[in-house]
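The chain contents come next:
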Amino acid sequence: MLIDEIVDFCDNEYSSYECTVCHKHHLCQQDCKNCLDDLHYHKNRIRTDYSCEHLLDYYVCRYSYKYCSEIIYALECVDLSRYPYFNILSLGCGGAPDLMAFDYFDLPKAIKYKGFDINESWEKIHNCIEEKSNAESVEFYRGYDVLDFFDRETIEKCNVIVVEYLISFFYSIIGQVGLVEWFDKLAQQVVSYKPSDSPMLIIINDADSIHIGRDNFPLLRNSIEAQDLTIINEYRRHFKENGYFPCSKRYLSNVNKFILPDRIKTLYKPAIKCESVQLILEVK
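Definitions and cut-offs
Residues numbered from 1 in each chain as written. Predicted model: local features only at pLDDT ≥ 70, side-chain atom pairs only at ≥ 80, totals over all residues. Heavy atoms only, no water. Buried < 20%, exposed > 50% of the residue type's maximum accessible area, 1.4 Å probe, protein only. Helix = DSSP H or I, 4+ residues; strand = E, 2+ residues; numbered from the N terminus. Contact = heavy atoms within 4.5 Å. Phe/Tyr/Trp six-rings, centres within 6.5 Å; stacked < 30°, edge-to-face > 60°. Pairing = 2+ DSSP bridges. Axes fitted to C-alpha atoms, helices over the stretch in contact; angles between N-to-C directions.

So what's going on with helix α4 (residues 97-105)? Which residues, and what values?
Along an α-helix, a turn takes 3.6 residues, which lines up residues three or four apart on a common side. The element α4 is extensively covered by neighbouring structure, given that 7 of its 9 residues are classed as buried. When we look at burial in α4, the residues that qualify are P97, D98, L99, M100, A101, F102 and D103. Looking one or two residues beyond α4, the residue adopting positive phi is D106, at roughly 50 degrees.

This is the structure:
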């Protein structure tokens, strides 16, 4: 599977690389787990962004199985047979765990993938994904800020949009007002250009926290309906026992969809259980 190939690649890269970027900082100690924890808990004592290839190798090994599993759960909510193909737009694509989720299903349908990420440091990993993926086409666009990209650009004929752990990344900067404006642009510049021969699937998968946008995800519905489009299905899901996403239903299981290799579990202390919240929309 694609996910195993990419994790193996990143594991080899991480294990054979001598860190020369962060080692001068006394808090780093050449330990990418420390850097990731520093970023994810918004401490920013060591790093303020993910612009380090070594860090991204570690990131893929630590989080891909969890993030991919969460998207698999979301896709299992939907009747995928109604989609004649999958033209996927991934915003904040990172290491493309959503593409790995589609690969997991081994669907007998054409898959085209466009991934946007602001971080230029993904280039090496993206090149590997392009090489190893069985999708009809895989294209990555790095250095694009999706917060303002749709001010001037449209994307036509995609029938899947995935927004994974992106809103929580920028919500503290733009707040609810900015998020609604972004939803409006997304609806105007992408959703309204959906193909006529397929429904559109939209998945927001993100952290289960009140402080980083979770309760505002459903506002996307208003933006879509303002374009005279019809939402035919809406699913709200959570994994945690005490999930607080409004009107959401808990998955019966939060187990990882993959058996993680012992080496990965030992070296990268990966996140195993699914913990996100999800808004899943199908648009007619």
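Requested: an account of the environment of C52, with residues and values cited.
With respect to the helices and strands, the residue C52 is situated in the loop between α2 (32-40) and α3 (53-75). Considered as a pair, C52 and K269 are 217 residues apart in the sequence and their alpha carbons are 19 Å apart. In contact with C52, other than residues within four places in its own chain, are R47 and S121.

Please provide a residue-by-residue account of the packing of aromatic side chains, values included.
Tallying each qualifying case throughout the model produces 28 aromatic pairs. When the centroid spacing of 5.3 Å and the interplanar angle of 50 degrees are considered together, the rings of Y59 and Y63 count as tilted. Of this pair, Y59 and Y63 both sit in helix α3, 4 residues apart, which is roughly one turn of that helix. For the pair formed by Y59 and Y63, the shared burial category is buried.

Would you mind going over the sheet that holds strand β3 (residues 137-142) in detail, with residue names and values included?
What links the strands of a sheet is backbone hydrogen bonding, and the strands pair in either a parallel or an antiparallel sense. Strands sit in the order β3-β2-β1-β4-β5-β8-β6-β7 across an open sheet of 8 strands; the sheet is mixed. Here the strands that pair on one side only, and so sit at the sheet edges, are β3 and β7 (249-250). Sheet topology places strand β6 (residues 231-238) next to β7; 2 bridges connect them, and they run parallel. What sits directly across from H238, in β7, is R250. Against the sheet, α3 engages β4 (160-164), β5 (200-206) and β8 (277-283), with an angle of about 140 degrees to β5.

Read these as geometric descriptors, not functional statements.
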